Amino acid sequence: MESNLVKSALKNKDIILNIIKKFPYENKCKIDWRELPEKGEMVEYSAEDGGDVVSEFETFTIYAVKSYSKIFSNANDKGKPEEKAFFGLLLPPKYSMSRVSLYREILEASSSLNSIPKNGMFLFDGSIVPIIAWWRPLSSIKNGYMLNSLIDLAKEKMQENEENIRDINELISDKVEHPIMPELLMKRALNGYSLDDSDWYLALEILEKLYSYKVLIEKIWENNSIPVFITKTSRSRDFCKSNLPDVHIIRRAEPSNPGYLIWEDSIRYGSYNITGERKGDKMFPNIGNISDFFERRLGVLKLYARLSRGGSILQIEFLLDNEKNMPNYESLTEELLSKLISISLQKGYPTSLVLAHHYATITYNDMESLIKISGLEGEVRERTMLYF
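To start, this report covers the structure provided alongside it. Since the model is a prediction, treat every value here as computed from it, not as a measurement.

Concerning the environment of Ser271
With respect to the element layout, Ser271 can be found in helix α9 (residues 271-275). Residue Ser271 is classed as buried on the basis of its relative accessible area, which comes to 1%. With residues near it in sequence (within four places) discarded, Ser271 still touches Ile132, Phe284, Phe294 and Glu295.

Below you can see the structure in the form of structure tokens.
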């Protein structure tokens, strides 16, 4: 190992350990750890997850995305899973990781539409925030004004298209198979159309994702079910406002006991309150009622919980409909948690999400096989490192 790295590790060892282990936060953050409610009756529930892989060649980018969703009624399976996948050429090869993640999210939303439980819960791996905050990973579109302007430009570009999608309203329709944009961009390239640097296609990809999740969440609500987003490794600092994540501080205060933590600001309505980002400009498209849904109707009840002794502390987000009358946040939390802990758990984490993750994963060997199948095995790979 390089000696300067060793010297730096020895130099900073004490300060790192003091920050992590000596817990200098006790006076700043009061942890009111509550007992879990009694288990409720078993409810019907669903779980979903997705996977993606990107393979960079010297002059182009190939990717694969996959989704898996399934309805469960108890520890046993109920019905067949809904699985979808897409393998494609990224055009243009720009913002690769962010756009492939976006395609995966759209595919997850699409497959989930066919796995909605009745009077139960739909479990998602991760947080709702990255889905709402479309502007975070993509630097070229800064605000809603730019997004809407590029969508207007896209309406003109769509008229050049010789394929079946020529109207932007067809893009935000549940009558078509999503995601649309990856295949549309490849067909345009095949027909000789070049993509300029205006990023109008990126605006349409964002639009398709926002629409897909609006439709999915609404349909879950229509079936009297609750979308539940569960994060295993939360980095949120909403509660303690400390340098380290809330879960780090909670774990120090409550090393093993099951329980949960809520606070007065646990329920938030509207995208800017949910993400914690105050934007001066409207950030959502003026089409398909997307703006009204995300900026007004969508709500989140956020809490931290350990669902079994010694298990991980999870960040849990229950998605609420602002158009419905809700009980106070304390009784609502107990009602929802009693349903959540009634389902099958593995070390305090839903077994169904473990299964969904397993079946949605795309391995390195999977991707290598796809590259061979598609006739790309002999193409030159990206040279990321020189060996000497």
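Let us keep going from here.
Some points on helix α2 (residues 96-112)
Taking 1.5 Å per residue, 17 residues should reach 24 Å; α2 reaches 24 Å between its end C-alpha atoms and fits that length. Burial runs high along α2: 14 of the 17 residues are buried.

So, a nonpolar patch on the surface
A grouping of Met1, Leu5, Val6 and Leu10 is seen on the molecular surface, where their side chains present a nonpolar patch of about 490 Å² in accessible area. If you trace the backbone, Leu10 turns up in helix α1 (residues 3-21).

Observations concerning the state of the cysteines
By definition, a disulfide links the sulfur atoms of two cysteines through a covalent bond. This model, assessed by the stated rule, comprises 1 disulfide. Here Cys29 is linked by a disulfide to Cys240, with a sulfur-sulfur distance of 1.9 Å. The chirality of the disulfide connecting Cys29 with Cys240 is left-handed, given an S-S dihedral of about -55°. Remark: Cys240 occurs in the loop between β5 (226-231) and α8 (246-253) and Cys29 occurs in the loop between α1 and β1 (45-56); sequence separation between them is 211 residues.

About the thresholds
- Residues numbered from 1 in each chain as written.
- Predicted model: local features only at pLDDT ≥ 70, side-chain atom pairs only at ≥ 80, totals over all residues.
- Heavy atoms only, no water.
- Helix = DSSP H or I, 4+ residues; strand = E, 2+ residues; numbered from the N terminus.
- Buried < 20%, exposed > 50% of the residue type's maximum accessible area, 1.4 Å probe, protein only.
- Contact = heavy atoms within 4.5 Å.
- Expected span 1.5 Å × (residues − 1).
- Patch = residues over 30% accessible without salt bridge, like charges linked within 9 Å, V, L, I, M, F, W, Y side chains within 5 Å.
- Areas by Shrake-Rupley, 256 points an atom, 1.4 Å probe, with all protein chains shown as cover.
- Salt bridge = Lys/Arg side-chain N within 4 Å of Asp/Glu carboxyl O.
- Disulfide = S-S within 2.5 Å.

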